[in-house]
Amino acid sequence: MKPILLSLLATSSFFAADVASVTKQELPSLVALYKELHANPELSLHEVETAARIAKELREAGLEVTEKVGGNGLVGVLKNGEGPVILVRTDLDGLPVKEQTGASYASTKAVKDDLGREVNVMHACGHDIHMASFIGTARALSKLRDQWKGTVVMIGQH
């Protein structure tokens, strides 16, 4: 049995080359998005600005978006005819960790946690790159609609 994702995407022998082309085109803006998200992390269940930014990006990619799902979660849907339904998920939160990477886009954020303590916050676990890849996936699937059929559900989980 073919995996659903492959059956959804393998409608064109040129799909992989087209994804690579879209990725190359989108890469500068995705790197900028990654750096912005990295510099501005929010603690779990407090991802108000992050969720709003991801929702905006999904809308710009052509998805129907529902915000504030279960708190700060969001769901984007890209319908493209009859076919399989697949789910793509990303985390939205950062961790209560002080960043010491020295990166020019390093987080300098400090916030109050749920206990009222001031804590530093950073994307130490890769959720920033997950979100940038998530948006890249949405953009590619939207731009390549002529090469696949089905529905893509994209979830940003707080």
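Please refer to the structure higher up on the page.
Described below are features of the structure shown in this document. Every value quoted in this text rests on a predicted model; they were computed, and no experiment measured them.

What counts, and where the lines are drawn
Counting from 1, residues in each chain are numbered in the order their sequence is written. pLDDT decides what is reported in this predicted model: residues at 70 or higher carry local features, side-chain atom pairs at 80 or more are listed and counted, and totals for whole chains, interfaces and linings draw on all residues regardless. Only hydrogens and water are set aside when side-chain values are computed; all heavy atoms of the structure are taken into account. Strand pairing requires that DSSP identify at least two bridges connecting the strands. Secondary structure elements are taken from DSSP: a helix is a run of H or I of four residues or more, a strand is a run of E of two residues or more, and numbering for both begins at the N terminus. Lines fitted to C-alpha atoms define the axes here, with helix axes fitted over just the stretch in contact, and angles between the N-to-C directions of these axes take values from 0 to 180 degrees. Any two residues having at least one pair of non-hydrogen atoms within 4.5 Å are treated as being in contact. Grouping buried Ala, Val, Leu, Ile, Met, Phe, Trp, Tyr and Cys residues that are joined through side-chain atoms within 4.5 Å yields what is termed a nonpolar core. For every residue, the accessible area obtained with a 1.4 Å probe (protein chains only) is divided by the maximum for its type, and the residue is called buried under 20%, exposed over 50%, and partly exposed between those limits. Every angle not falling under 35 degrees, over 145, or within 65 to 115 is termed oblique; those three ranges are roughly parallel, roughly antiparallel and roughly perpendicular. By convention the crossing between two helices is left-handed if the near helix lies anticlockwise of the far one by an angle smaller than a right angle, and right-handed if it lies clockwise. Residues were grouped as follows: Ala, Val, Leu, Ile, Met, Phe, Trp, Tyr, Cys and Pro as nonpolar; Asp, Glu, Lys and Arg as charged; and all remaining residues, including Gly, as polar. A 3.5 Å cut-off defines polar contacts: any pair of N or O atoms within that distance qualifies, except that in protein one atom must be a possible hydrogen donor and the other a possible acceptor, and neighbouring residues in sequence count only when both atoms are side-chain atoms.

A look at the sheet that holds strand 3 (residues 85-91)
Turning to step 1, where the next piece is worked out: Pairing is mixed across the open sheet formed by four strands, whose spatial order is 1-2-6-3. Either end of the sheet is taken by a strand with one partner, and the two such strands are strand 1 (64-69) and strand 3. With direction set aside, neighbouring strand axes in the sheet form an average angle of 15 degrees.
Turning to step 2, where the next piece is worked out: Both strand 3 and strand 6 (residues 150-157) contribute to a ladder of seven bridges, which runs parallel. Its bridge partner lying in strand 6, R89 is registered against I155.
Turning to step 3, where the next piece is worked out: In the packing of helix 3 (residues 48-60) onto the sheet, the strands contacted are strand 1, strand 2 (73-80) and strand 6, and the crossing angle to strand 1 comes to about 165 degrees.

Description of the nonpolar core
Turning to step 1, where the next piece is worked out: Core analysis: the largest hydrophobic core is formed by 27 residues, its most contacted members being I54, L58, L63, F134, I135, V152 and M154.
Turning to step 2, where the next piece is worked out: Elements with a contribution of two residues or more to this core: helix 2 (15-39), helix 3, strand 2, strand 3, helix 4 (127-143) and strand 6.
Turning to step 3, where the next piece is worked out: Broken down by element, this core gets its largest block of residues, six residues, from helix 4.
Turning to step 4, where the next piece is worked out: Apart from residues no more than four positions distant in its own chain, L63 is found in contact with L58, G76, V77, L78, A138 and M154.

Some words on the packing of helix 3 against helix 4
Turning to step 1, where the next piece is worked out: In contact at an axis separation of 10 Å, helix 3 and helix 4 are set at 20 degrees when each is read in the N-to-C sense. Classified by the angle their axes make, helix 3 and helix 4 are roughly parallel. Considering how the two elements wind past one another, helix 3 and helix 4 form a crossing that is right-handed. Taking contact as the criterion, the partners of T50, I54, E57 and L58 in helix 3 are, on helix 4, M131, F134, I135, A138 and R139.
Turning to step 2, where the next piece is worked out: Classifying every residue of the contact of helix 3 with helix 4 gives six nonpolar, one polar and two charged.

What to know about the pairing of strand 6
Turning to step 1, where the next piece is worked out: Within strand 6, six of the eight residues are buried, which leaves the element mostly enclosed by the surrounding structure.
Turning to step 2, where the next piece is worked out: With seven bridges joining them, strand 2 and strand 6 adopt antiparallel strand pairing. Its bridge partner lying in strand 6, G76 is registered against M154.

Focus on the side chain of H123
Turning to step 1, where the next piece is worked out: Counting through the fold element by element, H123 comes out in the loop between strand 5 (118-120) and helix 4.
Turning to step 2, where the next piece is worked out: What makes H123 buried here is its relative accessible area of 4%.
Turning to step 3, where the next piece is worked out: There is a polar contact of 3.4 Å between the side chain of H123 and the backbone oxygen of L37.
Turning to step 4, where the next piece is worked out: Within the structure, H123 has its side chain in polar contact with the backbone oxygen of D93 (distance 3.4 Å).
Turning to step 5, where the next piece is worked out: In this structure, H123 is in contact with L37, H38, P41, L92, D93, G94, D128 and M131, ignoring residues within four places of it in sequence.

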